[in-house]
Number of protein chains: 2
Amino acid sequence: MSTLLRHQLEKITPLSNEEFEYILSHFTERKFRKHQFLVQNGQPVKFDYFILNGCIKSYHTDNEGKIHIIQFGMQDWWITDYQAYYNQMTATMDIDCIEDTEVLCLSYENREKLCSEMHKIEHFFRKKTNTRNVALQQRILSLISNNAKERYNNLLEQYPQLFQKVPKHLIASYLGVTRETLSRLNATSK
Amino acid sequence: MSTLLRHQLEKITPLSNEEFEYILSHFTERKFRKHQFLVQNGQPVKFDYFILNGCIKSYHTDNEGKIHIIQFGMQDWWITDYQAYYNQMTATMDIDCIEDTEVLCLSYENREKLCSEMHKIEHFFRKKTNTRNVALQQRILSLISNNAKERYNNLLEQYPQLFQKVPKHLIASYLGVTRETLSRLNATSK
């Protein structure tokens, strides 16, 4: 399974076997069950998670108990509460599993150690973060300027596999619409 | 004015005078007048801009001609269309000056050159991008889970100086509310 990580690293920077083994030795593998938490609001955030398989959601629960989806995570995506992880603070969101999930965990200390020791790993994470930035910026633009139907179509076009894995009420929460609106969009988009 | 850049770099990584002069030689200084464009929708995006003084907005104009503010930029902030800059594509937004503005321009080629030559500059940009990531994620969370009053109060708390520099109708656009709603929020928050 670690070949998934190597494949992603090598899309940005070539690595020898020795280099990859050294990098991999800084990760730990973990399995989580459906509904199990990786990150809990108010708790310290020790790891960034590279997803080997499964499906994950990060979300905020408001004062009325309504959940707001921040991000989904699937195979070969990274997920954590980055605000808490980068600043080594406690989480302001929850992250749990939509289905049984396997991940590679990278602690903040090990990430900084690798980046400091290996220029090419610093390069990899700069490039990955650039890409995440672009995705976040697109989501903001979509939230402030698209209507629900446009947001739905954008998501379907970018991540069709999400619609197979993720329950409808969570897609609705991600899009900021009611489940009924989503059903209507779903019907009119076919 | 370039001491502003040095100060920001040195918050993350120490630099010798020679190193800083070398880095600075990769930037060009430019002045823009109020209303002048730094980036235009459909045009190539050559530079990332470090703001020496002034005030800038990036925005999307929808089919009805309504503008949606993506970001503001003030002294010692960076601004560009990052999707276009990182991928060397044409812009999908406009960026122009709210007041006369001076910037240091860093081309994509020079940024990549510096990052490749100097590990500490790669480190600087990774850390800066992490910070931008957190800000973008907070904005998404605010857009999907806060009401207008909460968004207004968050912005006022984080960036009080914006309220001095930026016209009310642009603040309203950033928050995704009408100007009338903003006036009401403004009155009730005092």
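Residues numbered from 1 in each chain as written. Chains lettered and ligands numbered in written order. Predicted model: local features only at pLDDT ≥ 70, side-chain atom pairs only at ≥ 80, totals over all residues. Heavy atoms only, no water.

Going by an unreviewed UniProt entry, chain A carries the name Crp/Fnr family transcriptional regulator and comes from Niabella yanshanensis.

On to the layout of surface pockets. Sizing a probe to match a water molecule and rolling it over the atoms shows the empty space that remains. The computed volume of the largest pocket comes to approximately 1400 Å³. Lining the largest pocket we find 50 residues, and of these B:Ala135, B:Leu136, B:Gln138, B:Gln158 and B:Tyr159 sit closest to its centre. Of all the secondary-structure elements, those providing two or more residues to the lining of the largest pocket are strand E3 (47-61), helix H3 (82-87) and helix H5 (119-145) of chain A together with helix H1 (2-12), strand E4 (67-73), helix H5 (119-145), helix H6 (148-158) and helix H8 (168-175) of chain B. Element by element, the count of residues in the lining of the largest pocket is highest for H5(B), at 15 residues. Looking at side-chain class alone, the lining of the largest pocket contains 20 nonpolar, 19 polar and 11 charged residues. Taken as a whole, the second largest pocket encloses approximately 1000 Å³ of empty space. Around the second largest pocket sit 37 residues that line it, and A:Ala135, A:Leu136, A:Gln138, A:Gln158 and A:Tyr159 are the ones nearest its centre. Breaking the lining of the second largest pocket down by element, the ones donating at least two residues are strand E4 (67-73), H5, helix H6 (148-158) and helix H8 (168-175) of chain A together with H5 of chain B. The leading source of residues in the lining of the second largest pocket is H5(A), at 13 residues. Class assignment for the residues of the lining of the second largest pocket results in 16 nonpolar, 14 polar and seven charged. (1 Å grid on protein atoms, 1.4 Å probe; cavity = no way out; pocket = protein on both sides within 12 Å on 5 of 7 lines; lining within 4 Å. Points joined across faces, edges and corners; volume = space filled by probe spheres on them. Helix = DSSP H or I, 4+ residues; strand = E, 2+ residues; numbered from the N terminus. Nonpolar A, V, L, I, M, F, W, Y, C, P; charged D, E, K, R; others polar.)

Position of B:Thr129 relative to the elements: it lies in helix H5. In this structure, B:Thr129 is in contact with A:Thr129, A:Asn130, A:Asn133, B:Tyr86 and B:Arg111, ignoring residues within four places of it in sequence. (Contact = heavy atoms within 4.5 Å.)

So, about empty space enclosed by the protein. Residues and elements named next belong to chain B. Overall, the coordinates contain two cavities of 30 Å³ or more when judged by the stated rule. Of the voids in this model, the largest cavity is the one considered here, and its volume is about 40 Å³. Residue contributions to the lining of the largest cavity peak at three residues, all from H5. For the lining of the largest cavity, the per-class residue count stands at 10 nonpolar, no polar and no charged. In this structure, the second largest cavity spans a volume of roughly 30 Å³. What lines the second largest cavity is Asp48, Trp78, Arg111, Phe125, Lys128, Thr129 and Arg132. It is H5 that provides the largest number of residues to the lining of the second largest cavity, a total of four residues. Among the residues making up the lining of the second largest cavity, the classes are represented as two nonpolar, one polar and four charged.

Before going further, it helps to spend a moment on H8(A). Residues and elements named next belong to chain A. In terms of burial, H8 is largely enclosed, as six of its eight residues are buried. Listed in full, the buried residues belonging to H8 are Leu170, Ile171, Ala172, Ser173, Tyr174 and Leu175. Downstream of H8 by a residue or two, Gly176 has a phi angle that is positive, lying close to 75 degrees. (Buried < 20%, exposed > 50% of the residue type's maximum accessible area, 1.4 Å probe, protein only.)

Another point: the relation of the copies chain B and chain A. Overlay of chain B on chain A (RMSD 0.0 Å): rotation 180 degrees, translation along the axis 0.0 Å. Look at the turn and shift together and you get a two-fold axis relating the two. Considering only C-alpha atoms, the part of chain B nearest the rotation axis is B:Arg126, at 2.2 Å. Interface overlap between copies: 100% of the residues of chain B at the interface are likewise at the interface in chain A, consistent with a symmetric, same-surface contact. (Least-squares fit on C-alpha atoms with pLDDT ≥ 70 in both.)

Turning our eyes to something else, we now look at the environment of A:Gln138. Relative to the helices and strands, A:Gln138 is located in helix H5. A residue is classified by how much of its surface remains accessible, and A:Gln138, at 31% relative accessible area, is partly exposed. When residues no more than four places from it in sequence are discounted, the contact partners of A:Gln138 are A:Gln158 and B:Gln83.

Before going further, it helps to spend a moment on the pattern of salt bridges. All names here are of chain A. Per the counting criterion, the structure on display carries 22 salt bridges over all chains. In this structure, the salt-bridge partner of Arg33 is Asp100, at a minimum N-O distance of 3.8 Å. On the criterion of sequence distance, the pair formed by Arg33 in the loop between strand E1 (27-32) and strand E2 (37-39) and Asp100 in strand E6 (residues 94-107) is long-range, its members being 67 residues apart. Linking Lys165 and Glu99 is a salt bridge whose minimum nitrogen-to-oxygen distance equals 2.8 Å. With Lys165 in helix H7 (residues 162-165) and Glu99 in strand E6, this residue pair connects regions lying 66 residues apart in the sequence. Relative accessible area serves as the criterion here: at 25%, Glu99 is assigned to the partly exposed category. (Salt bridge = Lys/Arg side-chain N within 4 Å of Asp/Glu carboxyl O.)

For the rest of this paragraph, the subject is the interface of chain B and chain A. Counting residues at the interface gives 35 residues for chain B and 35 residues for chain A. Of the roughly 3500 Å² buried at the junction of chain B and chain A (both faces included), carbon and sulfur atoms supply 59%. The largest per-residue losses of area from chain B upon contact with chain A belong to B:Arg126, B:Gln137 and B:Ile144, which jointly make up 19% of the total buried on that side. One salt bridge connects B:Arg126 with A:Glu122, and the closest N-O pair in it is separated by 2.6 Å. Scanning the region where chain B abuts chain A turns up 17 residue pairs in polar contact (both at pLDDT 80 or more). Of all the elements in the fold, those that place two or more residues in the side of chain B that touches chain A are E4, helix H3 (82-87), helix H4 (108-117) and H5 of chain B. Among the elements that line the side of chain B that touches chain A, the one with the most residues is H5(B), at 20 residues. Per-class residue counts for the side of chain B that touches chain A are 15 nonpolar, 12 polar and eight charged. (Buried area = accessible area lost by both parts, 1.4 Å probe. Polar contact = N/O pair within 3.5 Å; in protein donor to acceptor, adjacent residues only side chain to side chain.)

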